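# Commentary on secondary and tertiary structure
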Amino acid sequence: MFEKFPFHAFLIDRNKLRDKKYFLFIGIIFILMIFISFKVGFKVNLEGDFTAFWFAGKNFFLHNDLYSQIGGAKRYIYPPFAAMLFQLLALFPLNVAASILTFINLSLFLFSIYLTRSIFEFYITDKKLLRNSLIFASILSFRFFWYHISFVQMNETIFVLCLMGVLFMLRNKETPAVICFVIATFIKVIPMFFLIWLLFRGNYKTYLKVIIVTALCILIPLIWRGFEMGIQDIKNYYITFLEPFQQGRVEAEFHNHSLSSGIYKLSLPMQNEPGFDFNILHLTEYQAKKVYFYSLITIFILFISCLSYLRFSKKPITFLEISIILLTTHLLSGITWEYHLVSLLFVYMSLFIIAKEKKSLISKSIIYFLYGIVIINAIVGKDTVGSNLYHYFGGYGSLTWMMLILLLYFLYECMFRNKYSPDKLNNHI
């Protein structure tokens, strides 16, 4: 009866199901997930982001304004399409819905590990290397997953959709890949960098598919809400969220790890952080804005140059390419909280894989340096180093500069080394 069930998708070894100890272990994990889900879910209150999701779903169904904080929740900063999906959460009482999403997030943590492994299996035949790299990457990125689960967020959903899109692309199934990337972008705008990548990797048929799926993601909630209210939703989303960042808004909080926040925290006094001073550059606001603007332009040009090089030199998709997209997304996004960084699982996996073939002293030294900053950032947390030190690590941008260093290193490896296509890497390792 179990022959056709996709156990591998849940990280379950079908061959061990007859082993009572293994079955008991799976049962204990399942019960633990339920316990954690209810414990986290019933702590949710009106101050959390999840409440914004829940009220958005409720307001969508009741034809209320999505962006005026009706119901007392925090500001809603996601597209109308996401609010349409959040109606599923609003079917349940607030804390029950939070518990359900927590259970889904715990499951998605396991599923994201499975998807990451599936992608790297296109490049690696060495099962031991694959297993060990995945274990270390999972451990070192677990801080971000736990933070995400504790705050009942949606970023694992986005990460899984993007990983599924990449996996479909590697399997030459472009249509479902387009659907995954576009839906992810209409839940939360930051996966737009994957759409840019998709356009570079595709052709006119790809562009047509993107246009069709995009049109559906705009039209379905618009028709559902009625054209007048649907158009007003789109306007409100632009006015309340997109336009301020387009005009240069920077949220320079100690726990915002975007590039804009990292530069501003080092350049200007932070009004929202009494007792902490991260300002070591002492720039004016105009100078800080210019530094960020030129930094953003430089990174975006490097990103586009890399995609152009890979496209026009007809290089196959590499895992470094995907890591570059993820790192660029986090750095150039206006908001990058810790729970956004669940995708560092894939980035760290890439680092461990390329470290295998480094032989020279200089190459090994660089890898050990990268290992060092990754491990430090995996350990740092309010509960591990204390609140003050945690603030200083965030304020001085340890995660921001780590991501920037990894991005520059991966860009170099991807454009000038080019050993990481499926056939080359398997032969090399």
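Residues numbered from 1 in each chain as written. Predicted model: local features only at pLDDT ≥ 70, side-chain atom pairs only at ≥ 80, totals over all residues. Heavy atoms only, no water.

## Notes on the overall build of the chain
- The helix and strand tally for the chain stands at 19 helices and 0 strands.
- Taken over C-alpha atoms, the radius of gyration comes to 22 Å for the chain, in line with the 22 Å a tight globule of 429 residues would show.
- With the C-alpha coordinates of the chain rotated into their principal frame, the extents come out at 65 × 60 × 50 Å.
- When burial is assessed residue by residue, the chain has 52% of its 429 residues classed as buried.
- Taking the intrachain contacts of the chain between residues at least 6 apart in sequence as the baseline, contacts between residues at least 24 apart amount to 74%.
- With an accessible surface of roughly 20,800 Å², the chain has 68% of that area assigned to carbon and sulfur atoms.
- The average position of the 39 basic charges and that of the 24 acidic charges among the side chains of the chain differ by 9 Å. (Helix = DSSP H or I, 4+ residues; strand = E, 2+ residues; numbered from the N terminus. Rg over C-alpha atoms; globule rule 2.2 N^0.38 Å. Buried < 20%, exposed > 50% of the residue type's maximum accessible area, 1.4 Å probe, protein only. Contact = heavy atoms within 4.5 Å. Areas by Shrake-Rupley, 256 points an atom, 1.4 Å probe, with all protein chains shown as cover. Lys, Arg positive; Asp, Glu negative; His and termini not counted. Charge placed at Lys NZ, Arg CZ, Asp CG, Glu CD.)

## Some points on the nonpolar core
- Judged by nonpolar contacts, the single largest core of 133 residues is most densely connected at Phe50, Phe181, Tyr348 and Phe410.
- With 12 residues, the top contributor of residues to this core is helix H4 (residues 94-120).
- In contact with Phe50, other than residues within four places in its own chain, are Val44, Leu89, Leu94, Ala97, Ala98, Leu101 and Val152. (Core = buried A, V, L, I, M, F, W, Y, C linked by side-chain atoms within 4.5 Å.)

## Quick word on empty space enclosed by the protein
- Inspection of the entire model under this criterion finds 3 cavities of 30 Å³ or more.
- In this structure, the largest cavity encloses a volume near 140 Å³.
- Surrounding the largest cavity, 13 residues form its lining, Ile158, Ile190, Leu326, His330 and Ser343 being those nearest its centre.
- No other element matches helix H6 (residues 155-170), which puts 4 residues into the lining of the largest cavity.
- Grouping the constituent residues of the lining of the largest cavity by class yields 8 nonpolar, 5 polar and no charged.
- Roughly 60 Å³ of internal volume is contained in the second largest cavity.
- If you go around the second largest cavity, the residues you meet are Arg143, Phe254, His255, His257, Glu338, Asn377, Val380, Tyr390, Phe393, Gly394, Ser398 and Leu399. (1 Å grid on protein atoms, 1.4 Å probe; cavity = no way out; pocket = protein on both sides within 12 Å on 5 of 7 lines; lining within 4 Å. Points joined across faces, edges and corners; volume = space filled by probe spheres on them. Nonpolar A, V, L, I, M, F, W, Y, C, P; charged D, E, K, R; others polar.)

## Thoughts on the environment of Ala98
- Note that Ala98 resides in helix H4.
- Excluding residues that lie within four positions of it along the chain, Ala98 makes contacts with Gly41, Val44, Phe50 and Val152.

## Description of the environment of Phe111
- Its place among the elements puts Phe111 in helix H4.
- The partly exposed category is assigned to Phe111, whose relative accessible area is 22%.
- In the structure, Phe111 is positioned 13 residues away from Ala98 in sequence and 19 Å away in space, judged by C-alpha atoms.

## Looking at helix H14 (residues 344-355)
- With 12 residues, H14 ought to run about 16 Å at 1.5 Å a step, and its terminal C-alpha atoms sit 16 Å apart, in line with that.
- Among the residues of H14, Leu344, Leu345, Phe346, Val347, Tyr348, Met349, Ser350, Leu351, Phe352, Ile353, Ile354 and Ala355 are the ones counted as buried. (Expected span 1.5 Å × (residues − 1).)

## Some words on the side chain of Ser267
- Secondary-structure assignment places Ser267 in helix H11 (residues 259-267).
- A polar contact of 2.7 Å, which involves the side chain of Ser267, links it to the backbone oxygen of Ile263. (Polar contact = N/O pair within 3.5 Å; in protein donor to acceptor, adjacent residues only side chain to side chain.)

## What to know about the side chain of Asp233
- Mapped onto the fold, Asp233 is located in helix H10 (residues 227-246).
- Within the local environment of Asp233, its side chain forms a polar contact with the side chain of Arg225, the two groups lying 2.8 Å apart.
- If sequence neighbours within four positions are ignored, Asp233 has contacts with Leu66, Tyr67, Pro80 and Arg225.

## What to know about the packing of aromatic side chains
- Taken as a whole, this structure holds 41 aromatic pairs when the rule is applied.
- Taking 5.3 Å as the distance between ring centres and 70° as the angle between the ring planes, the aromatic pair formed by Phe53 and Tyr78 counts as edge-to-face. In this pair, Phe53 sits in helix H2 (residues 49-62) while Tyr78 sits in the loop between H2 and helix H3 (80-90), placing the two residues 25 residues apart along the sequence. Taken as a pair, Phe53 and Tyr78 share a single burial class, namely buried. (Phe/Tyr/Trp six-rings, centres within 6.5 Å; stacked < 30°, edge-to-face > 60°.)

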